[in-house]
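If you want the building blocks of each chain, they are given just below.
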Amino acid sequence: EGADEFLAGYDIFKEARVRRFWARQPESRWRPRLLQRLYPDISGLGASSPAFLAAFFGEQLSEVNHPCYSHLVRWRNNRRTCRFFSDEVNARAARPLDEALEAIRLPARFAGWGPLQQAQFVEMAAFLSPYLLSAQGDRMGMAHSVEGRFPFLDHRVVEFCNRLPARLKLRGLREKFALRQVARRLLPAEILERRKRPYRAPIHRSFFGGHTPDYVNDLLAPDALKRSGLFKPEAVAALTAKLRQNRPVGETDDMALAGILSTQLLHDRFVEHFQTAPPIGGADRVKVCHAGRELLKTHP
């Protein structure tokens, strides 16, 4: 945790660099082709036509002065998951992008930073801190009495990385350049030179790759969705039909499935069927106290 954010390891930093390069000559047919070298985990992107790349990555291309230019494509793409929300949820959650940016709290000196530094800050403020280190880190670890220790988040390492010039983090389209130079003395070439690939949980295959657990069918049934009031039953039905038919599934669909199923499970357990622990009565309280005293005798 932290190495990709502080040493520019993510493809989103390369994407922003290519888009800025492309924006200098937006009519170019060749500059968008650099995007074929990104996101090796997205099947078929490397073989995509220039027209597709230009259409997908070219939206808001000229807005290079936007404080979150590096993340505009990602946020636009992820916004597609909102089609699963019920009308009520969409009405309550809809906010203009500029208003949503207030939650990131850009520093006063942000405008004076270079493009890579700006992109790194947005990634850390919007993704690393509230999600990776909180939802996927501290909450998950502490729930199982595990305290995470992350060497790349040592404050001295962070401060050192923040003083490095951009060219030592992202050299052309080579990520983590400084770290790779250090690692040359320690790692074999096949590890050092291989392309970075993110790990992916097999989300849809876990639930629709063969036998679908009964609880999944129950939670995603139209009646259950209507009771929670959070998602559109017809939109979820279209997604599950796509999964059951083993049709191609994109990352956005996987994200939607994980979010919908998790939310429905939480609603089922902690809203619809929530049960508090029964109070301990007088006789039971005596038994508990007696058992405690006996335990202390054997394990003082």
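Treat the numbers as computed from the prediction; the structure is a model and nothing was measured.

(A) Layout of the environment of F13. Its location among the elements puts F13 in helix 2 (residues 11-23). Through-space distance from the C-alpha of F13 to that of E175 is 8.7 Å; in sequence the pair is 162 residues apart. Not counting residues up to four positions away in its chain, the partners in contact with F13 are D4, E5, A8, L116, A119, Q120, E123 and L170.

(B) Here's a closer look at the confidence of the model for the protein. Here the protein averages 87 in pLDDT, while 87% of its residues score no lower than 70. Taken element by element, the protein is modelled with least confidence in helix 16 (residues 282-298), mean pLDDT 61, and with most confidence in helix 13 (residues 222-228), mean pLDDT 96.

(C) Region of the structure containing the packing of helix 2 against helix 3 (residues 50-57). Contact geometry of helix 2 with helix 3 gives a least axis separation of 12 Å together with a crossing angle of 100°. On the basis of the axis angle, helix 2 is roughly perpendicular to helix 3. Taken together, the residues of helix 3 that come into contact with helix 2 (itself represented by E15, R19 and W22) are L53, A54 and F57. Broken down by class, the residue content of the contact of helix 2 with helix 3 amounts to four nonpolar, no polar and two charged.

What counts and how
- Residues numbered from 1 in each chain as written.
- Predicted model: local features only at pLDDT ≥ 70, side-chain atom pairs only at ≥ 80, totals over all residues.
- Heavy atoms only, no water.
- Helix = DSSP H or I, 4+ residues; strand = E, 2+ residues; numbered from the N terminus.
- Contact = heavy atoms within 4.5 Å.
- pLDDT = per-residue confidence, 0-100.
- Axes fitted to C-alpha atoms, helices over the stretch in contact; angles between N-to-C directions.
- Parallel < 35°, antiparallel > 145°, perpendicular 65-115°, else oblique.
- Nonpolar A, V, L, I, M, F, W, Y, C, P; charged D, E, K, R; others polar.

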